[in-house]
Amino acid sequence: MTLNRINPPELSPPTGFSHAVTATGHTLVLLAGQTALDSGGKVVGETLPAQFEHALINLLTALQAAGGTPADLARLTVHTTDVAAYRDHAPELGRIWRALAGRDYPAMAVIGITRLWDEEAVVELDGLAVLS
């Protein structure tokens, strides 16, 4: 599997994401939206960073169960009920990302939404990975 991260010099330098990712491989993994649910189905984490960390752990757990690693992520979408808080916590969220997923950033988008399925949740992550 090969992921090629593309960041054209004509675009603003990316911080914590790649502008485009090309992928070649054999297995496509579509990762369902993950929030900060614990194994009992309860949302954990009082802050956006705490929920982001738990949601990312959940997403990476699903990816690992499918045979992948964080480096296999080609695309990630972040849905949040508070874009301003996400922006305010961006440095901390970046540290969480690097600690759990490394520095190979997928193509990413942050989408502001009204609410998530579980009303206590403030962030949900879904993604796409390509495995060899």
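Residues numbered from 1 in each chain as written. Predicted model: local features only at pLDDT ≥ 70, side-chain atom pairs only at ≥ 80, totals over all residues. Heavy atoms only, no water.

Asks: Got a sec to walk through the overall build of the chain? Specific residues and values, please.
Replies: Regarding its fold elements, the chain presents 3 helices and 6 strands. For the chain, the α and β elements follow one another from N to C terminus as β-β-β-α-β-α-α-β-β. Relative to the globule expectation of 14 Å for 132 residues, the C-alpha radius of gyration of the chain, 14 Å, shows essentially globular dimensions. Principal axes of the C-alpha set define a box for the chain whose edges measure 35 × 35 × 25 Å. If you take every contact in the chain between residues at least 6 apart in sequence, the share linking residues at least 24 apart comes to 74%. A total accessible area of about 7300 Å² is found for the chain, and carbon and sulfur atoms account for 53% of it. Averaging the locations of the 8 positively and 14 negatively charged side chains of the chain gives two centres separated by 6 Å. (Helix = DSSP H or I, 4+ residues; strand = E, 2+ residues; numbered from the N terminus. Rg over C-alpha atoms; globule rule 2.2 N^0.38 Å. Contact = heavy atoms within 4.5 Å. Areas by Shrake-Rupley, 256 points an atom, 1.4 Å probe, with all protein chains shown as cover. Lys, Arg positive; Asp, Glu negative; His and termini not counted. Charge placed at Lys NZ, Arg CZ, Asp CG, Glu CD.)

Asks: Residues and numbers for the side chain of T77, please.
Replies: Tracing the backbone through its elements, the reader meets T77 in strand β4 (residues 73-80). Setting aside residues up to four positions removed in sequence, T77 forms contacts with A109, I111, E124, L125 and D126.

Asks: Can you break down the packing of aromatic side chains residue by residue, with the values?
Replies: Here the structure, examined in full by the defined rule, presents 1 aromatic pair. For the ring pair F52 and Y86, a centre distance of 6.3 Å and an interplane angle of 70 degrees mean the geometry is edge-to-face. In this pair, F52 sits in helix α1 (residues 48-65) while Y86 sits in helix α2 (residues 83-88), placing the two residues 34 residues apart along the sequence. Like F52, the residue Y86 is buried in the burial classification. (Phe/Tyr/Trp six-rings, centres within 6.5 Å; stacked < 30°, edge-to-face > 60°. Buried < 20%, exposed > 50% of the residue type's maximum accessible area, 1.4 Å probe, protein only.)

Asks: Run through the environment of E53, naming residues and quoting values.
Replies: For E53, the location among the structural elements is in helix α1. A residue is classified by how much of its surface remains accessible, and E53, at 35% relative accessible area, is partly exposed. Separated by 44 residues in the primary sequence, E53 and W97 have C-alpha atoms spaced 7.8 Å apart. Sequence-distant contacts of E53, defined by excluding residues within four places in its chain, comprise I96 and L100.

Asks: Describe in detail the nonpolar core, supporting the description with residues and values.
Replies: With 24 residues, the main nonpolar core has F52, L56, L73, W97 and L125 as its most contacted residues. At the level of secondary structure, the elements contributing two or more residues to this core comprise β3 (27-34), α1, β4, α2, α3 (90-101) and β6 (123-131). With 7 residues, the single largest contributor to this core is α1. L3, V21, A74 and A107 belong to the second-largest nonpolar core, a separate cluster that totals 5 residues. (Core = buried A, V, L, I, M, F, W, Y, C linked by side-chain atoms within 4.5 Å.)

Asks: A description of the environment of P9 should follow, citing residues and the corresponding values.
Replies: Within the secondary structure, P9 sits in the loop between β1 (2-6) and β2 (20-24). Sequence spacing of P9 and Q51 is 42 residues, and the spatial spacing of their C-alpha atoms is 34 Å.

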